[in-house]
Amino acid sequence: GFVAGLGLALASSAFIGGSFVLKKKGLLRLCGRARAGQGGHAYLREWLWWAGLLCMGVGEAANFAAYAFAPATLVTPLGALSVLVSAVLSSIFLNEQLNVHGKIGCILSILGSTVMVIHAPQEEEVSSLESMAEKLKDPGFIVFAVCVLVSSLLLIFVAGPRYGQSNVLVYVLVCSAIGSLSVSCVKGLGIALKELFSGKPVLKEPLGWVLLVCLVICISIQINYLNKALDIFSTSVVTPIYYVLFTTAVMMCSAILFKEWQHMVLDNIIGSISGFLTIVSGIFLLHAFRDLPFSPNLLPLFLQPGRAEPHPPWSTADRHQSCQHQPLLPSEDKGSQSAQEEEEE
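Computed from a prediction, not measured in an experiment: that's the story for all the values here.

1. A closer look at the overall build of the protein chain
Point 1. On a plain count of helices and strands, the protein chain comes out with 13 helices and 0 strands.
Point 2. Listed by position from the N terminus, the elements making up the protein chain come as α-α-α-α-α-α-α-α-α-α-α-α-α.
Point 3. The proportion of buried residues among the 345 residues of the protein chain is 39%.
Point 4. Excluding contacts between residues fewer than 6 apart, the proportion of contacts in the protein chain whose partners are at least 24 apart in sequence is 80%.
Point 5. Carbon and sulfur atoms provide 66% of the accessible area of the protein chain, an area that totals close to 19900 Å².

2. Section: the packing of aromatic side chains
Point 1. Enumeration according to the criterion identifies 1 aromatic pair in this entry.
Point 2. For the ring pair Tyr 171 and Tyr 225, a centre distance of 5.6 Å and an interplane angle of 35 degrees mean the geometry is tilted. With Tyr 171 in helix α8 (residues 169–197) and Tyr 225 in helix α9 (residues 206–232), this pair connects stretches of sequence that are 54 residues apart.
Point 3. What makes Tyr 171 buried here is its relative accessible area of 8%.

3. Notes on the packing of helix α4 (residues 80–93) against helix α5 (residues 100–118)
Point 1. Two elements in contact, α4 and α5, have axes separated by 10 Å at closest approach and are oriented at 145 degrees. You can see that α4 and α5 cross each other, and the crossing is left-handed. Mapping the contact onto sequence places Leu 81, Leu 84 and Val 88 in α4 and Cys 106, Ser 109, Ile 110 and Ser 113 in α5.
Point 2. Residue composition of the contact of α4 with α5, by class: 5 nonpolar, 2 polar and no charged.

4. Comments concerning the environment of Leu 207
Point 1. Along the polypeptide, Leu 207 turns up in helix α9.
Point 2. Taking the C-alpha atoms as reference points, Leu 207 and Ala 133, separated by 74 residues in sequence, lie 7.5 Å from one another.
Point 3. Setting aside its immediate chain neighbours within four residues, Leu 207 contacts Leu 129, Ala 133 and Leu 136.

5. Topic: helix α7 (residues 139–163)
Point 1. At Leu 155, α7 is deflected by roughly 35 degrees, the largest bend along its length.
Point 2. In this structure Asp 138 caps α7, since a side-chain oxygen of it lies 3.1 Å from the backbone nitrogen of Gly 140.

6. Considerations on the environment of Leu 108
Point 1. Mapped onto the fold, Leu 108 is located in helix α5.
Point 2. As a C-alpha pair, Leu 108 and Gly 275 span 167 residues in sequence and 9.2 Å in three-dimensional space.

7. Quick look at the pattern of salt bridges
Point 1. Summed over all chains, the structure comprises 1 salt bridge.
Point 2. A salt bridge links Glu 195 to Lys 200; its shortest N-O distance comes to 3.7 Å.
Point 3. By relative accessible area, which is 6% here, Glu 195 ends up buried.
Point 4. For Lys 200, a relative accessible area of 44% puts it in the partly exposed group.

8. Section: the UniProt feature "transmembrane region" (unreviewed entry) in the protein chain
Point 1. Per the UniProt annotation, the sites labelled "transmembrane region" (unreviewed entry) are residues 47–67, 74–94, 100–120, 141–162, 168–186, 207–226, 232–257 and 269–289.
Point 2. For residues 141–162, helix accounts for 100% and strand for 0%, while the C-alpha atoms at its two ends are 30 Å apart.
Point 3. Secondary structure within residues 207–226 divides into 100% helix and 0% strand; the distance between the first and last C-alpha atoms comes to 28 Å.

Calculation rules
- Residues numbered from 1 in each chain as written.
- Predicted model: local features only at pLDDT ≥ 70, side-chain atom pairs only at ≥ 80, totals over all residues.
- Heavy atoms only, no water.
- Helix = DSSP H or I, 4+ residues; strand = E, 2+ residues; numbered from the N terminus.
- Buried < 20%, exposed > 50% of the residue type's maximum accessible area, 1.4 Å probe, protein only.
- Contact = heavy atoms within 4.5 Å.
- Areas by Shrake-Rupley, 256 points an atom, 1.4 Å probe, with all protein chains shown as cover.
- Phe/Tyr/Trp six-rings, centres within 6.5 Å; stacked < 30°, edge-to-face > 60°.
- Axes fitted to C-alpha atoms, helices over the stretch in contact; angles between N-to-C directions.
- Left-handed = near helix turned anticlockwise from the far one by under 90°.
- Nonpolar A, V, L, I, M, F, W, Y, C, P; charged D, E, K, R; others polar.
- Bend = angle between axes of the 7 residues up to and from the residue.
- Polar contact = N/O pair within 3.5 Å; in protein donor to acceptor, adjacent residues only side chain to side chain.
- Salt bridge = Lys/Arg side-chain N within 4 Å of Asp/Glu carboxyl O.
- UniProt positions renumbered as here; feature names shortened; annotations may be inferred.

Structural data, given as structure tokens:
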């Protein structure tokens, strides 16, 4: 099950990352027709755009299924690989520049994902809706869910009108907090689908329908406030902050609900946290410096092309010697030199 969940998570990142490139390629083919940014819908006639939409649907379905097999603490951080796939494919097929910061960010994301896979936590076995119901009744999870709902309401109705237009954290925190609950709903629905395919009468269970309604509500709130954040602030600012806060909230929720960190040894805990922080660093470099041009002049002198020698040759050094390295002239030499300069004038 763990290997299947890992494979589905990786496949989800590949499909979602490729879908952005396909849809962008389809939008670029709208020469002379009404663009999407102008309110047009001519992209609906492009098969590349539909191929991208299909890839995104497959990727989201694979991500949905991955939560049924692997811990959410592993599946959610691996979603960062979709950003990496999109950046690499964009530089190949869309001729978008991937600077040095972006390349370093891609490498860090791969290394961090590898470390997280090696040290991934093992969650407690939840194989039925009955056991999922017992997990949801846990006092720790109830306290967490109440805190999430109360804080979200305060952010929406108190902090939003005052600071929503100036502080990026207000709406992103709402998306991240509610997103942690949506992942728990996805986990429960994945278990319900596994039982449905095995022949159990899951459709008669009220918990499955409750989880479905809660998932629709949570996703609607996430989309609404994420669009608000993207409309007000830059994408390069919103995306890394949202990834960090959303993944942190999901890891906290999974640790409380599924007791993923309870039986982990110290080296696996350190490895998981280190891998997550490495992915965060990679995503930050990939987005924050995406539009920053990186010229060779910013490199140290010994790394710049044509300046491999840290010191000039002795002949040129003697010719262009700075004044602070010249020997002091004797007083009589100074006097003769000044007299000669006066005669020349």
